[in-house]
Amino acid sequence: MSDTALKHEFDDGPAAPTADEAAALQEVRPVPRISVQAFCETQAVASTIERMSEDRRMAKAQTRVYMGGMAAAIEFYQTAPTPNLIFVEITCGPDELLARLNDLAEVCDPSSRVVIIGHHNDIALYRELIRTGISEYMVAPVTIADLMNTISGLFVDPEAEPLGRSIAFIGAKGGVGASTIAHNVSWAISTLFQNEVMVVDMDLPFGTANINFDQDPAQGIAEAVFSPERLDEVYLDRLLANCADHLALLAAPSTLDRAYDFDASAFSNLIDIAQRTAPAVILDVPHVWSGWTKATLTQADEVVIVAAPELANLRNTKNLVDTLRSLRPNDAPPRLVVNQVGVPKRPEISVGDFVDPLELQPAAVIPFDPQLFGNAANSGRMLAETDAGSPVVATLCELAHLVTGRTTVAPKHKPGLQGLLARLKKS
């Protein structure tokens, strides 16, 4: 039977994740480089596995979904090699399932793991399947988090150290202060929670983290990405500049002596190693759109978009939000920080009208304060060091709680034009 005859076609787009599902997926480790094939009998299970295959944590795995259940799997593997992992959905009763397993065993490589997705919640059946060598028995309906936790349990080292949380900051437009927000949030995380934080300045030609933290390291991110064969935890540690007790910087060279052209995967290994090194990794992503910035934003655990309240920012933010929702279908939407609000004599869009078409509540709204930001920038100090009592510093501390998962945004009344129209309809 050909692949085209077996492969299931999915006409509907991926369903948006529920809040509980997105939260559960945050705890799932990325799946290693394995091959996964699924043979389903119902579209519900097939669609869930297809959605799982599009998740960023499955980026290294090769996943294919077929219809036909056990019979299709047996026929397929008579002429094809078996993958690392096989999901087989079964809707028949326990007796017929156990009888069919012998036929599947005859065509499967002994090293392949088999997970059965059944429709009978039977502890005796579960024990019998495990005794016969089945790796796991799951009862439908299954969720993406259920499936990925099962895969992680089979292929991820249980003794592995927990991964740090990667948080990518990007500006909707140049000059909106995304780097400044990223650096000050990293400072807040390190001081509030006494956690080790690594700031990665990914703007190699024009990065400002070294200036903002008053550092002049001889080495940094350039050595990491131009010598990938040397990169490991030890080498990365040598490239870091210590900015505070719990804060380290992987600085950009900020020079124009070479072209900084990279392929899409150039920073992936660096981010993986950084996450094994620090509980929080702040990725300061430049305002460019390339293969590697797209891959970085897709890979990150959390994305924060910083925008100023004007029309070009709104257009770019809308494009970013829509693209990230497509690239990260099982994740919560990106966070939004509206920065530089209230610039004197500058016509600007109100915060309510700005967020309405984005269908997002802002995670933070930061007023224009040139004296505070200017004094901090010119002295190479953080905002909290310049004026610890500033309301802006308090807002950044709240943002630090949000992006590290320490709290959530409280529900707010719907702002802007849509909220006004809703109120008018009620009157």
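Refer to the structure printed above.
Overview of the structure. (Residues numbered from 1 in each chain as written. Predicted model: local features only at pLDDT ≥ 70, side-chain atom pairs only at ≥ 80, totals over all residues. Heavy atoms only, no water.)

Taken together, five strands build an open sheet; the order of strands is β2-β1-β3-β4-β5 and the sheet is parallel. The strands lining the two open edges of the sheet, one partner per strand, are β2 (62-67) and β5 (136-139). Shown here is a sheet whose adjacent strand axes are inclined to one another by a mean of 15°, direction ignored. Bridge count between strand β4 (residues 113-118) and β5: four bridges; the pairing is parallel. Each residue of the ladder has a partner; that of I117, found in β5, is M138. Where helix α3 (residues 43-53) meets the sheet, its contacts fall on β1 (35-40), β2, β3 (85-89) and β4, and the angle it forms with β2 comes to roughly 165°. (Pairing = 2+ DSSP bridges. Helix = DSSP H or I, 4+ residues; strand = E, 2+ residues; numbered from the N terminus. Axes fitted to C-alpha atoms, helices over the stretch in contact; angles between N-to-C directions. Contact = heavy atoms within 4.5 Å.)

Within this model, the second largest pocket holds a volume of roughly 670 Å³. Forming the walls of the second largest pocket are 40 residues, and the residues nearest its centre are G175, G177, A178, S179 and T208. Counting only elements with at least two residues in the lining of the second largest pocket, the list comes to α8 (178-193), β10 (280-285), β12 (335-341) and α16 (370-379). In terms of residue class, the lining of the second largest pocket is built from 20 nonpolar, 15 polar and five charged. (1 Å grid on protein atoms, 1.4 Å probe; cavity = no way out; pocket = protein on both sides within 12 Å on 5 of 7 lines; lining within 4 Å. Points joined across faces, edges and corners; volume = space filled by probe spheres on them. Nonpolar A, V, L, I, M, F, W, Y, C, P; charged D, E, K, R; others polar.)

Let's shift gears to the pairing of β12. As a general feature of sheets, a regular strand has side chains that alternate between the two faces. With five of seven residues buried, β12 lies mostly within the body of the structure. With four bridges joining them, strand β11 (residues 302-307) and β12 adopt parallel strand pairing. Note on β12: the bridge partner recorded for V304 is R335. Examined bridge by bridge, β12 and strand β13 (residues 364-367) share three bridges and lie parallel to one another. Looking across to β13, one finds that V338 is bridged to V365. (Buried < 20%, exposed > 50% of the residue type's maximum accessible area, 1.4 Å probe, protein only.)

This brings us to the state of the cysteines. Cysteine pairs can be covalently joined through their sulfur atoms, and such a bond is termed a disulfide. Within this structure, the stated rule accounts for zero disulfides. Between C243, a cysteine without a disulfide, and C397, which holds the nearest cysteine sulfur, the sulfur-to-sulfur distance is 18 Å. (Disulfide = S-S within 2.5 Å.)

So, on to the sheet that holds strand β8 (residues 241-244). Pairing is mixed in the open sheet, where eight strands are placed in the order β8-β9-β7-β10-β6-β11-β12-β13. One side of each edge strand has no neighbouring strand; the edge strands of this open sheet are β8 and β13. Strand-to-strand twist across the sheet, computed as the mean angle between neighbouring axes with direction ignored, equals 20°. Bridge count for strand β7 (residues 197-201) against strand β9 (residues 247-250) is four bridges, and the pairing is parallel. Along β9, the bridge assignment pairs V200 with L250. The strands touched by α8 within the sheet are β6 (165-171), β7, β8, β9, β10, β11, β12 and β13, with β6 carrying the most contacts at an inclination of about 155°.

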